[in-house]
Amino acid sequence: MTSHDTLTDPTPAAELPRGIVPGGTFLADFLYPEPAERRVGAIIGWWEKRRLPYNLIVGATGLVTLTFGAALTAVVATLQPVDLVRAVVWWAVWANVCYSLGPVAEIALEKLFGRRLLPTGPLLFRAGVTVAVGVTLLPIIPLTIGFILRFFGVI
C-alpha cells in the first residue's frame, strides 16, 4: 500500500480536474461538468447552455418510443397518428417545463444553504436527464402489454 490513502487523505478539491472524468468520454464529460459559478445569472446560463443537448437526448429517446408506438399502431390500429403527434407536442412542452425547474431548484438550494452545500447543478442535471429518458421510454410498457393482450384476444 502506498503512503497516500485516498479514503483517509483525499486529494484536495483544488487539485482535482473539474468537468472532466479521468479517461472519460464526451458523454462522461457532458454528464459530469464543472458546476456553474455561484451567481444567479451564471446558474441560469449554465442550464441554458445544456437545454439543446437535453432536448436532443430526450427527443431521440422520444423517437424510439414513437417508432415503437407507430409500429404497434400499424399492427393493431389502436392509436391514430394524430394521437401520437399530440403526445409528442405535450411531452416536448412538459419536458422543457420540468427542465426549467432545474435552475430554479439550484438557485433555491444556493440561497438556502450557500457554501454549506456543494454546487448541485451537475447532479440535478444528471438526475433530470435520467428521469426524462425513463419517463419518455415508459409508454413502451403499456403499449407492449396492450399489443400482447390484443394479439391473444383478451381485449
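Quick caveat: nothing in here was measured; it's all calculated off a predicted structure. (Residues numbered from 1 in each chain as written. Predicted model: local features only at pLDDT ≥ 70, side-chain atom pairs only at ≥ 80, totals over all residues. Heavy atoms only, no water.)

Draft legend 1. View of the overall build of the protein chain. Across its full length, the protein chain carries six helices and zero strands. Ordered by position from N to C terminus, the α and β elements of the protein chain give α-α-α-α-α-α. Counting all 155 residues of the protein chain, 26% fall into the buried class. In the protein chain, once contacts between residues fewer than 6 apart in sequence are set aside, the share between residues at least 24 apart is 67%. Within the structure as shown, the protein chain displays about 10500 Å² of accessible surface, and the carbon and sulfur contribution to it stands at 73%. (Helix = DSSP H or I, 4+ residues; strand = E, 2+ residues; numbered from the N terminus. Buried < 20%, exposed > 50% of the residue type's maximum accessible area, 1.4 Å probe, protein only. Contact = heavy atoms within 4.5 Å. Areas by Shrake-Rupley, 256 points an atom, 1.4 Å probe, with all protein chains shown as cover.)

Draft legend 2. A look at the pattern of salt bridges. Throughout the structure, instances matching the rule amount to three salt bridges. A salt bridge links R38 to E110; the shortest N-O distance between them is 2.8 Å. With R38 in the loop between helix 1 (26-31) and helix 2 (40-49) and E110 in helix 4 (residues 81-113), this pair connects stretches of sequence that are 72 residues apart. Here E110 falls in the buried class, since its relative accessible area comes to 18%. Across the salt bridge formed by R51 and E48, the nearest N and O atoms sit 2.9 Å from each other. Overall, the relative accessible area of 17% leaves R51 in the buried class. Its relative accessible area of 39% is what places E48 among the partly exposed residues. (Salt bridge = Lys/Arg side-chain N within 4 Å of Asp/Glu carboxyl O.)

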